[in-house]
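Secondary and tertiary structure notes
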Amino acid sequence: MLDRIALHQTHLGTPGIALDARGIALGQRGLVLAPTFDRLVRWLRVYTRDRSLEDLLPSLEIRRVRSSSGSQEITLSFAAESSDRMDHVADTARLADACTFTGTSRHFVQYRDAAAPFGYDAALLSAADAPLALYHSRFERTYDEGTPLDLRALLLRLQPEVDPSTRRAPGPRLVVAEQGLGPALIHYLVRSQVEGEVTVCEWPPRDASRPEPVLRHVFRVPELPARMRGLMAGTPGVTVFVPSGPGVAVEAGYRHPVELRACPVFDTAGLVLVRGGGAEPWTIPRLPCFGDLRAFARLQMLAHDPGPTGVAVASRDPDAIRVPMRLVPVSSPWHHVTATCVPVDKLPLLRRLAYSLAPRTLQDTRLALTDRGAFLVCPHGIEAIPLGTFFVEAHPGLFTPAGFEVVPGVAPAVLRRALDPPHGHSLFVDPGGAVVAVPDEAFVPLGTAVLEAGAWDAATTVAIDSALAEAPLRLQLAPVGLFPLAGTAPAPDDPWPEDRRGQG
Amino acid sequence: MGRVDLAATAKRLYERFLVPLVVGGDVAVGPAIGARAALSLDGGLAAVDTDVRSQVDVARVRVARRLSPVDLLEGPDAHEWALAAALHDLVYALHPELGGDAPDRLLDLAHQVLARVAPPASLAEAISRHTLFARMFELRRTDTAVSWWTGSRTFLGRSPPSRLLAWPRLRRVQTSERTLTLDAMADLPQGRRDRFVEGIARLLEKTPLTDLATCARPFPAFRWSGASLGLFARPNGRVLGLRALALGAREEVDAALGRATRPHVEAGASDDVARIRSVLAERALANPR
């Protein structure tokens, strides 16, 4: 007999049941009672559709129990944690035609429903010494301890359902090939430039007459081309699996009734391959190491040893082909003009230009004053100083004139190495072919070079008053009027109340 | 005597006298309060602006934390109201326009009040009183003399009207200001001045921490009172007292303490001298040169 719990009710008769913060009766554990396996699987299917069993698994316990009336039923118990979790479990159980209970050890009462928003309390507890007593608004039964059921074993006993759409779905695939087909499949995949990995797994012998283990090649293909999916599915001895969760894959063309991705019961170090058509699953307790497919490609060897022929011998006379460097004008647009050389006679112009230069140009441009003129370098471009001969930095420390290219067209690094400048010098190749080396230490910021600062006068600082300074006290007097002491009176004769306090 | 509106008097005393005495600014005195009203004031803060009370609380805590790490001080109690009223009347007695025997009567009323107020019963009360009266010797009166082409006039403790300062070049207006300390303000006949100084001294006996913190003052000269020696009799009071003494300039404080100790030595008051000597020894140890 169940009583509905009323609002603000504080006393509950069922041991192990208490009211949570929302006032809902809740024990430490929740329990789902399924009369048959079908309903338990239905509950698992619905529950795992949009949430994982990971939270429930540490405390999950499935048992096949026998009731006092002799019927066999399935219980699924778990830590209740909160009424939010229990609400979802109860909704799912209602959909799967199962019942939900809450309790702590032996006595479980029906979890709340629309008729009792705060849950139920058992008015009269069962006196039987059974390990489990369930109190429902429609029945009240006791159950024996029952036998535990392993969720992983239960999942593997469920036969996958036919679902051809999984064959066409993109994504990674696991391909298992019988021993004889493995090398051919490796060659086929390598030749088709399909990336993947392969390993060889062993299974126990099929029968006692053949003691050697069964070997199969297991391929892991990140993306199996669509053109191959039909071939793989239709080739006897080759089975394609679709990864369905950590440590488990289901044969392509089938779908497991329960969302395996929401059931983290499979060891990630191994692999379980669930096969369709009533075949038993293939279990690999520990996955061996995989190797890249290309490592197993067939090798082609030359028919004969090439020998020492065809090896050139170094010449000792390179001068025979050396030519002088030349500069030729080109009509292509200028790019990356980062330096200029202002001749000595144009330096007054540069001084006048200094007043109109942007702060960033003054800050970033570096200048070296030499007897050949002023060399200015700005890594962002020297266009702001339209004076002199422009240079392009062909290589770090090597500047060639803009609008010219060096012939023969050797690499700039080769050209700098051929010019062999002293360490710490930048080379400027002028249009006439002459090369000027400027020491890097001669470059100073342009702003420093052009500014001639004037004399300065020292300013006297003014001390700031302390924020904690206190305002002075200024006595303000008002006219006293005609009767300045009006309203004043001497102290009363009776003792002041405060005097009495002091005397007390 | 007509009935006095005690709430209005308390509000006036708090806002125009006590608040600027603590926070700073213009301290206004008058009309006189009298002894009966002074001993009846207790409260009147309900009508005071909370911002003003908050400013006063902050300023009082600032003063208190120079001596002790306190964060909260209660509002004025009946003793503090009476002391504030007594100080008000003492200062009001210096009003230059008071004629006849009005200053003497005012001083008598203030003495009646001071005679009723007990010394602080606890260190918390001592700190609380000190936070109210710590700045009493900073009180200044500015006298402004204004002369113009046809005459001159002196304004004591009040600003000259703007009409007298108008057209300064044309009217050849000249102003000169003179700032007077409380000592200089007490420019009274000798007997009346002694009565005023005695009133201030008796007020300081009621707030011993203020007495110690301002012991280097020019007037009234510091003297060891029962309240100040009683403060040093308690361990925590001794710490507070030494901290209060440390607020003044060292040489001037030492000189004032020496002057105050001399009469006890000359009178042969061995108990007092022993107590004073222990204070001075501890002060010397706590503040080595």
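Parameters at a glance
- For every chain, the first residue of its written sequence is number 1, and the numbers climb from 1 along that sequence.
- Chains carry letters from A onward and ligands carry numbers from 1 onward, assigned in written order.
- Only residues with pLDDT of at least 70 are given local features in this predicted model, and only at 80 or more are side-chain atom pairs given and counted; all residues enter the totals for whole chains, interfaces and linings.
- Processing note: side-chain calculations cover all non-hydrogen atoms of the structure and skip hydrogens and water entirely.
- In this analysis, the protein atoms alone were mapped onto a 1 Å grid. Cavities are point sets where a 1.4 Å probe fits without being able to get out; pockets are open sets with protein on both sides within 12 Å along at least five of seven lines; lining residues have an atom within 4 Å of a point.
- Grid points are joined across faces, edges and corners, and a volume is the space filled by probe spheres set on the points.
- We count a stretch as a helix when DSSP gives it H or I for four or more residues in a row; a strand needs E for two or more, and each element gets its number in order from the N terminus.
- Partly exposed residues are those whose accessible area sits between 20% and 50% of the maximum for their type, while under 20% is buried and over 50% is exposed, using a 1.4 Å probe and protein chains only.
- One bridge is not enough; two strands pair if DSSP finds at least two bridges between them.
- As a rule, the C-alpha atoms of each element are fitted with a line to give its axis, helices using only the stretch in contact, and angles between N-to-C directions run from 0 to 180 degrees.
- Crossing chirality is assigned from the near helix's rotation relative to the far helix, an anticlockwise turn below a right angle marking it left-handed and a clockwise turn marking it right-handed.
- Residue contacts are defined here by distance: any two heavy atoms, one from each residue, within 4.5 Å place the two residues in contact.
- Side-chain classes follow a simple rule in which Ala, Val, Leu, Ile, Met, Phe, Trp, Tyr, Cys and Pro form the nonpolar group, Asp, Glu, Lys and Arg form the charged group, and the remainder, Gly included, forms the polar group.
- Each of two parts loses accessible area, computed with a 1.4 Å probe, when they are put together; buried area is these two losses added.
- For salt bridges, the criterion is a side-chain nitrogen of Lys or Arg within 4 Å of an Asp or Glu carboxyl oxygen.
- Each polar contact in these results corresponds to two N or O atoms within 3.5 Å; when the atoms are within protein, one needs to be able to donate a hydrogen and the other to accept it, and residues that are neighboring in sequence are counted only if both atoms are side-chain atoms.
- The pLDDT value tells you how sure the predictor is about a given residue, anywhere from 0 up to 100.
- Residues enter a nonpolar core if they are buried and are Ala, Val, Leu, Ile, Met, Phe, Trp, Tyr or Cys, with the set joined through side-chain atoms within 4.5 Å.
- Comment: arc refers to directions from the helix axis out to C-beta atoms.

This part takes up empty space enclosed by the protein. Residue and element names in this part refer to chain B. One pass over the full model with this rule turns up two cavities of 30 Å³ or more. Size it by volume and the largest cavity reaches roughly 60 Å³. Every residue lining the largest cavity is listed: Ala201, Leu204, Glu205, Asp211, Arg217, Pro220, Ala221, Arg223 and Ser225. A total of three residues in the lining of the largest cavity trace back to one element, the largest contributor, which is helix α9 (residues 190-206).

For the rest of this paragraph, the subject is the pairing of strand β20 (residues 271-274) of chain A. All names here are of chain A. Alternating positions in β20 separate into two faces, Leu271 and Leu273 on one and Val272 and Val274 on the other, with burial throughout. Sheet topology places strand β18 (residues 248-251) next to β20; three bridges connect them, and they run parallel. Counterpart to Val250 in the pairing with β20 is Val274. Pairing geometry for β20 and strand β21 (residues 282-284), over three bridges, is antiparallel. If you follow Leu271 over to β21, its bridge partner there is Ile284.

This part takes up the packing of helix α12 (residues 235-245) of chain B against helix α14 (residues 270-286) of chain B. Residues and elements named next belong to chain B. Between α12 and α14, the shortest axis-to-axis distance is 11 Å and the interhelical angle comes to 65°. Judged by the sense of rotation from one axis to the other, the crossing of α12 with α14 is right-handed. Across the interface between the two elements, Arg238, Leu242 and Leu245 from α12 touch Ser278, Val279, Glu282 and Arg283 from α14. Broken down by class, the residue content of the contact of α12 with α14 amounts to three nonpolar, one polar and three charged.

A separate point is the layout of surface pockets. The volume enclosed by the largest pocket comes to roughly 520 Å³. As for the largest pocket, its lining consists of 23 residues, of which Ala134, Phe137, Glu138, Ala213 and Thr214 of chain B are closest to the centre. Approximately 420 Å³ is the volume attributed to the second largest pocket. Within the residue set of the lining of the second largest pocket, elements represented by two or more residues are α7 (347-353), β25 (366-370) and α10 (446-450) of chain A. In terms of residues, the lining of the second largest pocket owes the most to one element, α7 of chain A, which gives four residues. Class assignment for the residues of the lining of the second largest pocket results in ten nonpolar, one polar and three charged.

A separate point is the interface of chain B and chain A. Listed per partner, the contact involves 46 residues of chain B and 27 residues of chain A. Interface area for chain B against chain A, summed over the two sides, is near 3400 Å², with a carbon-plus-sulfur share of 55%. Taken together, the links from chain B to chain A amount to three salt bridges. In this assembly, chain B and chain A are joined by 17 residue pairs in polar contact (both at pLDDT 80 or more). No other element matches helix α5 (residues 102-116) of chain B, which puts six residues into the side of chain B that touches chain A.

Right, let's talk about the pairing of strand β33 (residues 473-477) of chain A for a bit. Of the two faces of β33 of chain A, only one is covered, namely that formed by Leu473, Leu475 and Leu477 of chain A; the face formed by Arg474 and Gln476 of chain A stays uncovered. As paired elements, β33 of chain A and strand β1 (residues 25-29) of chain B share five bridges and run parallel to each other. The residue bridging Leu473 of chain A from the neighbouring strand is Gly25 of chain B, located in β1 of chain B.

Summarising the model, chain B shows a mean pLDDT of 90, and 96% of its residues fall at 70 or more. What the predictor reports for the complex is a pTM of 0.45 with an ipTM of 0.88.

Turning our eyes to something else, we now look at the sheet that holds strand β16 (residues 214-221) of chain A. Residues and elements named next belong to chain A. Taken in spatial order, the eight strands of this open sheet run β21-β20-β18-β17-β14-β16-β15-β22, and their pairing is mixed. Of all the strands in the sheet, the pair left with one neighbour each is β21 and β22 (291-292). In the packing of helix α5 (residues 182-191) onto the sheet, the strands contacted are β14 (173-178), β15 (197-203) and β16, and the crossing angle to β16 comes to about 15°.

Moving on, we get to the nonpolar core. Core analysis: the largest hydrophobic core is formed by 63 residues, its most contacted members being Leu87 and Phe196 of chain B. Ranked by residue count, the leading element in this core is helix α4 (residues 78-92) of chain B, at ten residues. In this view, Phe196 of chain B contacts Leu90, Leu94, Leu107, Leu182, Ala186, Leu188 and Phe219 of chain B; residues no more than four positions away in its chain are not counted. Ile24, Ile74, Ala98 and Tyr254 of chain A belong to the second largest nonpolar core, which has 38 residues in total.

Two quantities define a packed helix pair, namely the angle between the helix axes and the distance between the axes. Residue and element names in this part refer to chain B. Relative to each other, helix α1 (residues 6-23) and helix α3 (residues 50-64) sit at 35°, their axes nearing to 9 Å. The chirality of how α1 crosses α3 is left-handed. Residues Tyr14, Val19, Val22 and Val23 of α1 pack against Val52, Arg53, Gln55, Val56, Ala59 and Arg60 of α3. Counted by class, the contact of α1 with α3 contains seven nonpolar, one polar and two charged residues.

On to helix α1 (residues 37-50) of chain A. Because an α-helix packs 3.6 residues into every turn, residues spaced three or four apart end up facing the same way. Residue and element names in this part refer to chain A. For α1, the set of buried residues is Leu40, Val41, Trp43, Leu44, Tyr47 and Thr48. Down the axis of α1, the sector holding all buried residues measures 155°, keeping them to one side. The exposed set on the far side of α1, more than 90 degrees from its buried face, consists of Asp38, Arg49 and Asp50. Looking at the buried side of α1, the elements it contacts are β4 (29-34), β5 (61-66), β6 (72-79), α2 (83-95) and α3 (151-157).

Take unusual backbone geometry next. The amide bond that connects Val407 of chain A to the next residue, Pro408 of chain A, takes the cis arrangement and shows omega of -5°. Mapped onto the elements of the fold, Pro408 of chain A is located in the loop between β29 (404-407) and α9 (412-419). With an omega dihedral of -5°, the bond running from Gly30 of chain B to Pro31 of chain B counts as a cis peptide bond. In this structure, Gln193 of chain A takes a positive phi of about 55° despite not being glycine. As for its position among the elements, Gln193 of chain A is in the loop between α5 and β15. If you check the backbone angles, Arg172 of chain B has positive phi at about 50° while not being a glycine. Mapped onto the fold, Arg172 of chain B is located in the loop between α7 (162-165) and β4 (174-180). Residue classification places Arg172 of chain B among the exposed residues on the basis of a relative accessible area of 56%.

This part covers the sheet that holds β5 of chain A. Residues and elements named next belong to chain A. Pairing is mixed in the open sheet, where eight strands are placed in the order β11-β10-β8-β7-β4-β6-β5-β12. Strand pairing shows two members of the sheet lacking a second neighbour, β11 (140-143) and β12 (147-149), which therefore form its edges. Adjacent strand axes in the sheet meet at a mean angle of 30°, parallel and antiparallel pairs treated alike. Of the strands in this sheet, β4, β5, β6 and β12 touch α1, which is tilted by about 30° from β6.

Our focus in this paragraph is the side chain of His130 of chain B. Residue and element names in this part refer to chain B. With respect to the helices and strands, the residue His130 is situated in helix α6 (residues 123-133). Since its relative accessible area comes to 4%, His130 is described here as buried. Polar side-chain contacts of His130 include one of 2.9 Å to the side chain of Thr210. In this structure, His130 is in contact with Val63, Leu67, Thr207, Leu209, Thr210 and Ala213, ignoring residues within four places of it in sequence.

The next thing to look at is the environment of Ser356 of chain A. Residues and elements named next belong to chain A. On the secondary structure map, Ser356 appears in the loop between α7 and α8 (359-364). Separated by 28 residues in the primary sequence, Ser356 and Ala384 have C-alpha atoms spaced 9.5 Å apart. Within the local environment of Ser356, its side chain forms a polar contact with the backbone oxygen of Leu353, the two atoms lying 2.9 Å apart.

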